[in-house]
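Listed below, chain by chain, are the residues.
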Amino acid sequence: MSLHDDAVLVLKEYGSQEELRGLYLDHLAAHPDGMWKACEAGHVTASALVIDPERGKVLLTLHRKLNMWLQMGGHCEPADRTLAEAALREATEESGIPDLTLLPGGPVQLDRHPIPAPCNWHLDVQYAASAPAGALERISDESLDLRWFGFEEAAQVADGSVLRLIERTRAALRAQA
């Protein structure tokens, strides 16, 4: 199965955000290259909010290019077999934390946001990943800073899309309990 096929399957099974989910599926149907950065109409990206549920904290990165506190994530790569694998790879690379575990149940949220031309749009498929106990983060070249924030404390630094991702992640954690 190709990454494109996996993305279509993941999105078909995603049970929320119906209008946005439909937009993603329409994009992939119209653009066989819709998983890749080279697709000028926009492309699917994968990200993961790294969490420490025991301490009630999230790990955010101060993105080097955007100068914003965000979850870990980015572009899919040819070696990625699934969206979940891409999100986990990005989270591991950008956090420096090995042995992250994605929360079960698939993506937590979809977030479509504009980016500079020529690509125009990121169609981000957002997961959540638990850090192992005692995990130590390590700043990557893509970050200016990397810091743990309490769930409520994140509201002081993060934008609305990150805050929605945190709330949806907390709801997923409550549903698992």
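Not measured: the values here are computed from a predicted model.

Conventions used here
- Within each chain, residue numbers correspond to sequence positions counted from 1 in written order.
- Local features in a predicted model are, by the rule used here, given only for residues with pLDDT of at least 70; side-chain atom pairs are given and counted only at 80 or more, and totals for whole chains, interfaces and linings are based on all residues.
- To get the side-chain values, all heavy atoms of the structure are used, and hydrogens and water are removed first.
- Lines fitted to the C-alpha atoms define the axes, with helices restricted to the stretch that makes contact. Angles between their N-to-C directions range from 0 to 180 degrees.
- Secondary structure follows DSSP: runs of H or I at least 4 residues long count as helices, runs of E at least 2 residues long count as strands, and numbering of each begins at the N terminus.
- Working definition: roughly parallel below 35 degrees, roughly antiparallel above 145 degrees, roughly perpendicular at 65 to 115 degrees, and oblique for all remaining angles.
- Should the near helix be turned anticlockwise from the far one by less than a right angle, the crossing is termed left-handed; should it be turned clockwise, right-handed.
- Two residues qualify as a contact provided that any one of their heavy atoms is within 4.5 Å of a heavy atom in the partner residue.
- Residues were grouped as follows: Ala, Val, Leu, Ile, Met, Phe, Trp, Tyr, Cys and Pro as nonpolar; Asp, Glu, Lys and Arg as charged; and all remaining residues, including Gly, as polar.
- Burial classification: accessible surface area is computed with a 1.4 Å probe over protein chains only, and a residue below 20% of its type maximum counts as buried, one above 50% as exposed, and the rest as partly exposed.
- For two strands to pair, DSSP has to find at least two bridges joining them.
- pLDDT measures the predictor's confidence residue by residue and takes values from 0 up to 100.
- When the sulfur atoms of two cysteines come within 2.5 Å, that pair is taken as a disulfide.

**Re the packing of helix H1 (residues 3–13) against helix H2 (residues 18–30)**
Here is step 1 of the chain: Put simply, H1 and H2 touch, their axes get as near as 10 Å, and they point 155 degrees apart. One finds that H1 runs roughly antiparallel with respect to H2. Two packed elements cross with a definite hand, and for H1 against H2 that hand is left-handed. Residues His4, Ala7, Val8, Leu11 and Lys12 of H1 lie in contact with H2, whose contacting residues are Arg21, Tyr24, Leu25 and Leu28.
Here is step 2 of the chain: Looking at the contact of H1 with H2 residue by residue, the classes come out as six nonpolar, one polar and two charged.

**A short note on the pairing of strand E7 (residues 121–130)**
Here is step 1 of the chain: Of all the 10 residues making up E7, nine are buried; the element is thus mostly covered by neighbouring parts of the structure.
Here is step 2 of the chain: Here strand E1 (residues 43–52) pairs with E7 via nine bridges, running parallel. Residue pairing for E7: alanine 48 is matched across the bridge by tyrosine 127.
Here is step 3 of the chain: Of the strand pairs in this sheet, strand E6 (residues 109–114) and E7 are connected by six bridges, and their pairing is antiparallel. Within E7, the residue paired with proline 114 across the bridge is tryptophan 121.
Here is step 4 of the chain: Connecting E6 to the next strand, E7, in antiparallel fashion are six residues, including asparagine 120 with a positive phi near 75 degrees.

**Considerations on the confidence of the model for the chain**
Here is step 1 of the chain: Considering every residue of the chain, the mean pLDDT works out to 94; 100% of them sit at 70 or more.
Here is step 2 of the chain: Confidence, expressed as mean pLDDT per element, reaches its minimum in the chain at E6 with 93 and its maximum at H1 with 98.

**Overview of the state of the cysteines**
Here is step 1 of the chain: Per the counting criterion, the structure on display carries zero disulfides.
Here is step 2 of the chain: The structure places no disulfide on cysteine 76, whose sulfur is separated from the nearest cysteine sulfur, that of cysteine 39, by 12 Å.
Here is step 3 of the chain: With relative accessibility at 7%, the residue cysteine 76 sits in the buried group.

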